[in-house]
Amino acid sequence: MRLSGRRILLIVGGGIAAYKSLELIRLIGKAGGRVVPVLTAGGREFVTPLSLAALAGERVHEALFDLTAEVEMGHIELSRSADLVVVAPATADLMAKLAGGLANDLASTLLLATDKRVLMAPAMNVRMWEHPATRRNRERLAEDGVLFVGPAEGEMACGEYGPGRMAEPAEILAAIADALGPKPLAGRHAIVTSGPTHEPIDPVRYIANRSSGRQGAAIAAALAARGARVTFVTGPATAPRPTGAEVVEVETALEMAAAVEAALPADVAVFAAAVGDWRPVAAAARKIKKTAAGPPALALAENPDILASVAGLAQGRPPLVIGFAAETGDLIGNATAKRQRKGCDWLVANDVGDGSGIMGGMENAVTLITAEGTEAWPRLDKREVAERLADRIAAALA
Ligand code: C5P
């Protein structure tokens, strides 16, 4: 059966859709899975602990400060004993709590304490779903690695029509099976570089670029979700750090090169960082003063090319080395030449020309260049690009 032996911690939030969670428990049971139910105070207004307990064949957890429960199993342990945490219905309130890191009841504490993936099935009024705050929270949660199923569009209990209906139990079951699905990269080690580098001029100034680190973080999260051990070497990026990866923070290209070397060996290395090509020869020890003699001259030295040096390793070269190329003209020509010059196996090329909004933005339009040829992908959310790339990596290493 699809979920044989898998344990699902099911958090039932307060919404009319809570009645569908009862059916969900039944479906999970039929698929061979076990459900440990957690009921919020709001959820209790819609379904009774007795129905949940009867269907799940497990006691229902409700209170954060429950002495009996703490003796049997502490709430931290409870958050980790499952294979997956499912929130259905996920109310606007539960989403906001997790997005903001609040932990003031059992459900929100479990969500914050868990080391497992979280799958949310949102259910709420259309306006609440479309409110900028909820949209912001959803975006933030997705960046943190939370999975979503639904909501669907349709007639709502409140009489309005639009997105906000909780996904049907069968659909949630499919998403659960997906989330718990095979881990094709289990046992593999991936190195992902990400973000810009800062090359110091003096203690307060540096040379940098517009990279947000979003694409690299999404790739690291997608590889981790497929079971890989991920070393995520990041420059000072604004994007949230990916869940499930070991994060190594660096500032300069030289530090990034050293961190990558220290992280080897690896089965795959993805160089998504926008590494500074040059650094000031020597950073001034004190802030450089403005003088009547005019602006100072900046002498630059070339940074090591991390991608090219790892791709060129005679010994210990990762079997799959992937580079990125941000180009502003003749994308395919430049990127194809770059793949050969750098000696990498695949090159993910993107046009970051004026008006593309790609560098620092949420979307990416990439062309994958391999020894076999080029493949243009449609313009996608950076997370989608990461999912596709991770699937390709998993297939290549299989
Ligand atoms: O030559 P260019 O900077 O366009 O190459 C981009 C690719 O090379 C990216 O994958 C980037 O992470 C990598 N790179 C690197 N070290 C550098 C410069 C670029 O790893 N010093």
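Reading the values: the criteria
Residues numbered from 1 in each chain as written. Predicted model: local features only at pLDDT ≥ 70, side-chain atom pairs only at ≥ 80, totals over all residues. Heavy atoms only, no water. Helix = DSSP H or I, 4+ residues; strand = E, 2+ residues; numbered from the N terminus. Buried < 20%, exposed > 50% of the residue type's maximum accessible area, 1.4 Å probe, protein only. Contact = heavy atoms within 4.5 Å. Pairing = 2+ DSSP bridges. Axes fitted to C-alpha atoms, helices over the stretch in contact; angles between N-to-C directions. Expected span 1.5 Å × (residues − 1). Arc of directions from axis to C-beta. Patch = residues over 30% accessible without salt bridge, like charges linked within 9 Å, V, L, I, M, F, W, Y side chains within 5 Å. Areas by Shrake-Rupley, 256 points an atom, 1.4 Å probe, with all protein chains shown as cover. Salt bridge = Lys/Arg side-chain N within 4 Å of Asp/Glu carboxyl O. Near = heavy atom within 4 Å. Polar contact = N/O pair within 3.5 Å; in protein donor to acceptor, adjacent residues only side chain to side chain. Nonpolar A, V, L, I, M, F, W, Y, C, P; charged D, E, K, R; others polar.

Chemist: Would you take a moment to explain the side chain of Lys 97 for this structure?
Modeler: By secondary structure assignment, the location of Lys 97 is in helix 5 (residues 92-100). Accessibility expressed as a relative area gives 12% for Lys 97, which makes it buried. The contacts of Lys 97, once residues within four sequence positions are left out, are Leu 102, Asn 104, Asp 105 and Ser 108.

Chemist: Hey, could you run me through the sheet that holds strand 19 (residues 366-370) in this one?
Modeler: Strand pairs in the sheet, formed through backbone hydrogen bonds, run parallel or antiparallel to each other. Spatial ordering of the open sheet is given by 12-11-8-13-16-17-19-20, a layout of eight strands whose pairing is mixed. Each edge of the open sheet carries a strand with a single partner, namely strand 12 (245-249) and strand 20 (373-376). Sheet twist, expressed as the average angle between the axes of neighbouring strands with direction ignored, equals 15 degrees. Taken together, the four bridges between strand 17 (residues 346-351) and strand 19 define a ladder with antiparallel strand orientation. For Asn 350, the partnering residue across the bridge sits in strand 19 and is Val 366.

Chemist: Help me understand the sheet that holds strand 5 (residues 147-148) in this model?
Modeler: Strand order in the open sheet made by the five strands is 2-1-3-4-5, with parallel pairing throughout. In the strand order of this sheet, the two ends are held by strand 2 (34-39) and strand 5, each with one partner.

Chemist: It is not clear to me how unusual backbone geometry should be interpreted in this structure. Could you clarify?
Modeler: Excluding glycine, a negative phi dihedral is what most residues carry, and trans is how most peptide bonds are arranged. A cis amide bond, omega -5 degrees, links Ala 88 with the succeeding residue Pro 89. Along the chain, Pro 89 falls in strand 3 (residues 84-90). Going from Leu 264 to Pro 265, the amide bond is cis rather than trans, its omega being 5 degrees. Along the chain, the position of Pro 265 falls in the loop between helix 11 (253-263) and strand 13 (268-271). One non-glycine residue, Asp 330, adopts positive backbone phi at about 35 degrees. Note on placement: Asp 330 falls in the loop between strand 16 (320-327) and helix 13 (331-342). Exposure remark for Asp 330: the relative accessible area of 55% places this residue in the exposed category.

Chemist: Is there a simple way to think about the pairing of strand 1 (residues 7-12) in this case?
Modeler: Consecutive side chains along a regular strand alternate between the two faces of the sheet. Buried residues dominate strand 1, accounting for five of its six residues. Two strands pair when backbone bridges link them, and strand 1 and strand 2 are joined in this way by six bridges, in the parallel orientation. Looking at strand 2, one finds that Leu 9 is bridged to Val 36. Here strand 1 pairs with strand 3 via four bridges, running parallel.

Chemist: I tried to follow helix 13 on my own but got confused; where do I start?
Modeler: An α-helical turn contains 3.6 residues, so any two residues separated by three or four positions project in the same direction. Here helix 13 is twelve residues long and its end C-alpha atoms lie 16 Å apart, about the 16 Å a rise of 1.5 Å per residue gives. Among all positions in helix 13, only Leu 331, Ala 335, Lys 338, Arg 339 and Lys 342 are buried. Within helix 13, the buried residues cover an arc of 105 degrees as seen down the axis, which keeps them to one side. The exposed residues of helix 13 that point more than 90 degrees off its buried face are Gln 340 and Arg 341. Elements that come into contact with the buried residues of helix 13 comprise helix 12 (306-311), strand 16, strand 17 and strand 19.

Chemist: Is there a simple way to explain a nonpolar patch on the surface in this structure?
Modeler: A cluster of nonpolar residues, Ile 16, Tyr 19 and Phe 46, forms a patch on the protein surface that exposes about 330 Å² of accessible area. Considering the arrangement of structural elements, one finds Tyr 19 in helix 1 (residues 18-30).

Chemist: Got a minute to help me understand the site of the ligand in this structure?
Modeler: The immediate surroundings of the ligand are formed by Phe 271, Ala 273, Val 275, Asp 277, Pro 304, Asp 305, Ile 306, Leu 307, Gly 323, Phe 324, Lys 338 and Lys 342. Leu 307 is positioned with one of its backbone polar atoms (N or O) 2.8 Å from an oxygen atom of the ligand. If the ligand stood free it would expose 450 Å²; the protein chains cover 88% of that surface. Within the residue set of the shell around the ligand, elements represented by two or more residues are helix 12, strand 16 and helix 13. Classifying every residue of the shell around the ligand gives seven nonpolar, one polar and four charged.

Chemist: How do you make sense of the environment of Gly 323 when you look at a structure like this?
Modeler: Its location among the elements puts Gly 323 in strand 16. Accessibility expressed as a relative area gives 0% for Gly 323, which makes it buried. Note: C-alpha distance between Gly 323 and Cys 344 (21 residues apart in sequence) is 6.4 Å. In this structure, Gly 323 is in contact with Phe 271, Leu 307, Cys 344, Trp 346, Leu 347 and Val 348, ignoring residues within four places of it in sequence.

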